[in-house]
Amino acid sequence: MELGIQDSEAQAFVHVPVLSRELIAGLAVRPGGHYLDATVGGGGHSELILAAAPDVRVTAIDRDEQAIAAAKNQLAPYGNSVQFVLSNFADYQPNKAIFDGIIADLGVSSYHLDQAERGFSFRNSAPLDMRMDRRQSLTAAEVVNHWNETQLADIFFKYGEERLSRRIARRVVEQRPFETTTQLAEAIAACVPRQYRYGRIHPATRVFQALRIVVNEELTSLETFLHRAPDWLVLGGKIGIISFHSLEDRLVKHSFRATPLLEILTKKPITAQNDEMEQNPRSRSAKLRLAERTDIST
């Protein structure tokens, strides 16, 4: 499928896969196995799976067309061993249990944060977009400029775990409309106490996380995916999920525990070792949970 993305854009989608050693070891990749990468990104994890054993096949999913284009470029040497699907993983539906392993690397990629025009970061001035799938209509600008104060306060608290959610929502409503990421970030910074303004993270960080989660329905999609994915595994197949904040990790932990088809392989999440954290600071917040299908009932 031709996605109309220029080679330069595809090559720009650089995303260093986190917890690679631990994930590949946990999957125990089988010769001739079939694996699902539900968030292929730039293709880093899929490439490691394909290289781990002979005759491996990968079905690679992503909702971002630039990610699919980059993964096609990265995984071109593996030819027909990779099938690409442009889709939200929550919408994917294989017909039966066909995978020897399933992985998902959740959240926003470094590429999304670094591409100012996508509107995920307030490091540069950009339109308030935040869509991972740019075919959808809902943007961060729509949420910020048209949702009411109570709705905004609720999502800032629920999805950003922002304790000043009501104060920030009130200021957003007072000063909107907002057109750019920096306008919104500056308004948030100006309305919080001084000690909060100069804390460890920028005071807009949690609000931007909340907006991104809402725009992309991230937690709803993850919940749907976690409910369905165990049925797609063959007996003995492994599932590995990498999350980056507590809301995601909590969903993964509880879903694994509640699924009778799975045996949990990680009582506590696996985190990055010192050498990886030094080379890739993003890995500091990464948590990997693994489980194995041990029940053949459906």
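The residue count restarts for each chain, going from 1 along the sequence in the order it is written. Per-residue local features are limited, in this predicted model, to residues with pLDDT of at least 70; the limit for side-chain atom pairs, both in listing and counting, is 80 or more; totals at the level of whole chains, interfaces and linings are taken over all residues. Water and hydrogen atoms were dropped before computing side-chain values, which therefore reflect all heavy atoms in the structure.

Asker: Just to check I follow, could you spell out the overall build of the protein chain for this structure?
Answerer: Where helices and strands are cited, they refer to DSSP runs of H or I of at least four residues and of E of at least two residues respectively, numbered from the N terminus. Scanning the protein chain from terminus to terminus reveals 14 helices and 7 strands. Both definitions apply: the radius of gyration is a C-alpha atom measure, and the globule rule equals 2.2 Å times residues to the power 0.38. Relative to a compact globule of 298 residues, whose C-alpha radius of gyration would be 19 Å, the protein chain shows 20 Å and is just as compact. Principal-axis analysis of the C-alpha atoms places the extent of the protein chain at approximately 60 × 45 × 40 Å. Restricting the contact set of the protein chain to residue pairs at least 6 apart, pairs at least 24 apart contribute 71%. Under the convention used here, a 1.4 Å probe and the Shrake-Rupley method define accessible areas, while residue burial counts only the protein chains that appear. Counting every atom, the protein chain has about 14,200 Å² of accessible surface; 47% of that belongs to carbon and sulfur. What makes two residues a contact is simply this: any of their non-hydrogen atoms within 4.5 Å.

Asker: Before we go on, may I ask you to explain the nonpolar core in this structure?
Answerer: Side chains of nonpolar character tend, in soluble globular proteins, to be buried together. Counting residues in hydrophobic clusters, the biggest one holds 37 residues, and the most contacted among them are Ile155, Phe156, Ile168, Leu184 and Leu211. Mapped by element, the contributors of at least two residues to this core are α6 (140-146), α7 (149-160), α8 (165-175), α9 (181-191) and α11 (205-216). In terms of residues, this core owes the most to one element, α11, which gives 7 residues. Beyond its immediate chain neighbours, meaning those up to four positions away, phenylalanine 156 contacts Glu161, Glu162, Ser165, Ile168, Ala169, Val207, Ala210 and Leu211. If you look at the next biggest cluster of nonpolar residues, it comprises 27 residues, including Val29, Val56, Ala71 and Leu86. We define a nonpolar core as any set of buried Ala, Val, Leu, Ile, Met, Phe, Trp, Tyr and Cys residues linked to one another through side-chain atoms lying within 4.5 Å. Each residue is assigned to one of three classes by its accessible area relative to the maximum for its type, calculated with a 1.4 Å probe on protein chains only: buried under 20%, partly exposed between the two thresholds, exposed over 50%.

Asker: Can you help me understand the packing of α9 against α11 in this one?
Answerer: Between two packed helices, the angle of one axis relative to the other and the distance separating the axes together describe the packing. To get an axis, fit a line to the C-alpha atoms, keeping to the stretch in contact for a helix; angles then go from 0 to 180 degrees between the N-to-C directions. α11 packs onto α9 with a crossing angle of 130° between their chain directions and a minimal axis gap of 10 Å. By the angle between their axes, α9 is oblique relative to α11. Two secondary-structure elements touch here, α9 through Thr181, Leu184, Ala185 and Ile188 and α11 through Val207, Phe208 and Leu211. The nonpolar class holds Ala, Val, Leu, Ile, Met, Phe, Trp, Tyr, Cys and Pro. Asp, Glu, Lys and Arg form the charged class, and all remaining residues, Gly among them, are polar. Taken together, the residues of the contact of α9 with α11 break down into 6 nonpolar, 1 polar and no charged. Our angle categories are set so that under 35 degrees counts as roughly parallel, over 145 as roughly antiparallel, 65 to 115 as roughly perpendicular, and the remainder as oblique.

Asker: So what exactly am I meant to see when it comes to the packing of α11 against helix α12 (residues 218-228) here?
Answerer: Between α11 and α12, the least distance of the axes is 6 Å, while the angle of their chain directions is 55°. When the axes of α11 and α12 are compared, the pair comes out oblique. In this structure, α11 uses Arg212, Ile213 and Asn216 to contact α12, whose residues at the interface are Glu218, Leu219 and Ser221. When the residues that make up the contact of α11 with α12 are grouped by side-chain class, the tally is 2 nonpolar, 2 polar and 2 charged.

Asker: Sorry if this is basic, but what is going on with the pairing of strand β5 (residues 233-243) here?
Answerer: Side-chain positions along a regular strand alternate between the two faces of the sheet. In terms of residue burial, β5 counts as a mostly covered element, since 9 of its 11 residues are buried. Paired strands are those between which DSSP finds at least two bridges. Bridge analysis of strand β4 (residues 99-105) against β5 gives 6 bridges, and the strand direction is parallel. Note that in β5 the partner of phenylalanine 99 across the bridge is leucine 233.

Asker: Even after reading the chapter, I still don't get the sheet that holds β4, so can you show me in this structure?
Answerer: Two pairing modes exist for strands in a sheet, parallel and antiparallel, and in both the strands are linked by backbone hydrogen bonds. Taken in spatial order, the 7 strands make up an open sheet running β3-β2-β1-β4-β5-β7-β6, and their pairing is mixed. The open sheet has two free edges, formed respectively by β3 (82-86) and β6 (262-264), since each of these has just one partner strand. The mean inter-strand angle of the sheet, taken between neighbouring strand axes irrespective of direction, is 20°. Pairing of strand β1 (residues 34-37) with strand β2 (residues 57-62), which is carried by 4 bridges, proceeds in the parallel orientation.

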